[in-house]
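Tertiary structure, described
Spelled out, the chains give:
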Amino acid sequence: MAEKVTKEFLHAKGIEIGIYTKDFKNEYISITDIAKYKSDEPNDTIRTWMRNKDTIEFLGLWESLHNPNFKPVEFDGFRSQAGSNAFTMSPAKWISGVNAVGIVSKAGKYGGTFAHADIAFEFASWISAEFKLYIIKDYERLKSDESNRLSLDWNLRREISKLNYRIHTDAIKNNLVLPELTNEQKMFAYASEADLLNVALFGMTAREWRERTPNAKGNIRDSATIEQLLVLSNMESYNALLIDQKVPKPQRVELLRKFAITQMTALRKIEPKVPNMEKISLPNGNMKNQAKET
């Protein structure tokens, strides 16, 4: 699956500067665009900056702090030559030479040379201290907007998850949790029904998701899109109705599966680019067998 990349633009003194991130933590800013403030030949400007000994030492220090695969021996060779008249350096030469990650070359319409924000601001200082301040000002605006969006998204997710939760748990309590069950058995009943919904919507149980994504934070529902959470909330209400009607579990998971696909398809018609639609593809194996295991 292709990595998800979020693209934005900074604006400083009439120049549009590309910026992207893959994790909302590390932003890469187009130093090609920054260089346009100084010259109509931005690639030449970047190469001139990279010839400086101070630049090479700064780039090497950044890589040593952030890149476990950095090649220090190769870096020492560049550092010993930097500043001499015969020394030349380019982004491609730096990246391949020391296995750098702080500078990235991208092809395509919005391609060019991008650098981690730490490095991009250093480059901007070399271009113009005044221009750097304009870039930082718009960068702070962008980060503020991003923070507001993420906060709104978090609150929306929390409210959606509450919608039909009580209806669902009450149906389980009234129909599936027998008085003679132990507390542990009662908790299992609730967890089992929650996983039934997971199988129907995501095609896997919470445990299977954890095994497939051992480094992910939170749980399977924390990684869901807002659209999926909305469908999940509706599924809780539907499953409560099926429980009240004494529909057997294997049949319920098939009905819930059809319900999830119908709802996600309807959302796709409203918004053609609903993310993670692949998460509702049919799981491997027999749905009835998976229902028995949850």
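On a predicted model such as this, the values are computed, not experimentally measured, just so you know. (Residues numbered from 1 in each chain as written. Predicted model: local features only at pLDDT ≥ 70, side-chain atom pairs only at ≥ 80, totals over all residues. Heavy atoms only, no water.)

For the protein chain, the count of helices and strands is 13 helices and five strands. Counting all 294 residues of the protein chain, 39% fall into the buried class. Look at the contacts in the protein chain between residues 6 or more apart in sequence, and 61% of them connect residues 24 or more apart. As presented, the protein chain carries roughly 17,000 Å² of accessible surface, and 53% of it is formed by carbon and sulfur atoms. (Helix = DSSP H or I, 4+ residues; strand = E, 2+ residues; numbered from the N terminus. Buried < 20%, exposed > 50% of the residue type's maximum accessible area, 1.4 Å probe, protein only. Contact = heavy atoms within 4.5 Å. Areas by Shrake-Rupley, 256 points an atom, 1.4 Å probe, with all protein chains shown as cover.)

With four of five residues buried, strand S5 (residues 112-116) lies mostly within the body of the structure. Two elements, strand S3 (residues 27-30) and S5, share three bridges in a ladder whose sense is antiparallel. By the bridge assignment for S5, Tyr28 is matched with His116. Pairing of strand S4 (residues 103-106) with S5 involves four bridges; the strand directions are antiparallel. Bridging from a neighbouring strand, Lys106 pairs with Gly112 of S5. (Pairing = 2+ DSSP bridges.)

Below, the discussion takes up the confidence of the model for the protein chain. Looking at the protein chain as a whole, the pLDDT averages 81, with 76% of positions reaching at least 70. When mean pLDDT is taken per element in the protein chain, helix H1 (residues 31-35) scores highest with 97 and helix H13 (residues 287-293) scores lowest with 46. Across residues 272-294, confidence stays below pLDDT 50; counting only partners more than four residues off in sequence or on other chains, it has 46 contacts. (pLDDT = per-residue confidence, 0-100.)

Let us now look at the pattern of salt bridges. Tallying each qualifying case throughout the model produces eight salt bridges. Salt-bridge contacts for Lys36 lead to Asp33; the nearest nitrogen and oxygen are separated by 3.3 Å. In this structure, Glu193 and Arg252 form a salt bridge, with 2.7 Å as the shortest nitrogen-oxygen distance. One end of the pair, Glu193, is in helix H9 (residues 183-202); the other, Arg252, is in helix H12 (residues 249-270), with 59 residues separating them in the sequence. Of the two residues, Glu193 and Arg252, both sit in the buried class. (Salt bridge = Lys/Arg side-chain N within 4 Å of Asp/Glu carboxyl O.)

Among the structural elements, Ser30 can be located in strand S3. With residues near it in sequence (within four places) discarded, Ser30 still touches Ile17, Gly18, Thr113 and Phe114.

This part is about unusual backbone geometry. Even without being a glycine, Asn99 presents a positive backbone phi close to 60°. Structurally, the position occupied by Asn99 is in the loop between helix H5 (91-98) and S4. The exposure class of Asn99 is partly exposed, given its relative accessible area of 34%. Unusually for a residue other than glycine, Lys246 sits at a positive phi of about 65°. By secondary structure assignment, the location of Lys246 is in the loop between helix H11 (226-244) and H12.

For the rest of this paragraph, the subject is the nonpolar core. The biggest cluster of nonpolar side chains holds 37 residues, and the ones touching the most others in it are Ile17, Ile29, Ile34, Trp94 and Ile135. If we ignore the near neighbours within four places in the chain, the residues touching Trp94 are Met50, Ile56, Leu59, Gly60, Glu63, Phe75, Phe78, Met89, Asn99, Ala100 and Ile103. If you look at the next biggest cluster of nonpolar residues, it comprises 21 residues, including Ala224, Leu232, Leu256 and Leu267. (Core = buried A, V, L, I, M, F, W, Y, C linked by side-chain atoms within 4.5 Å.)

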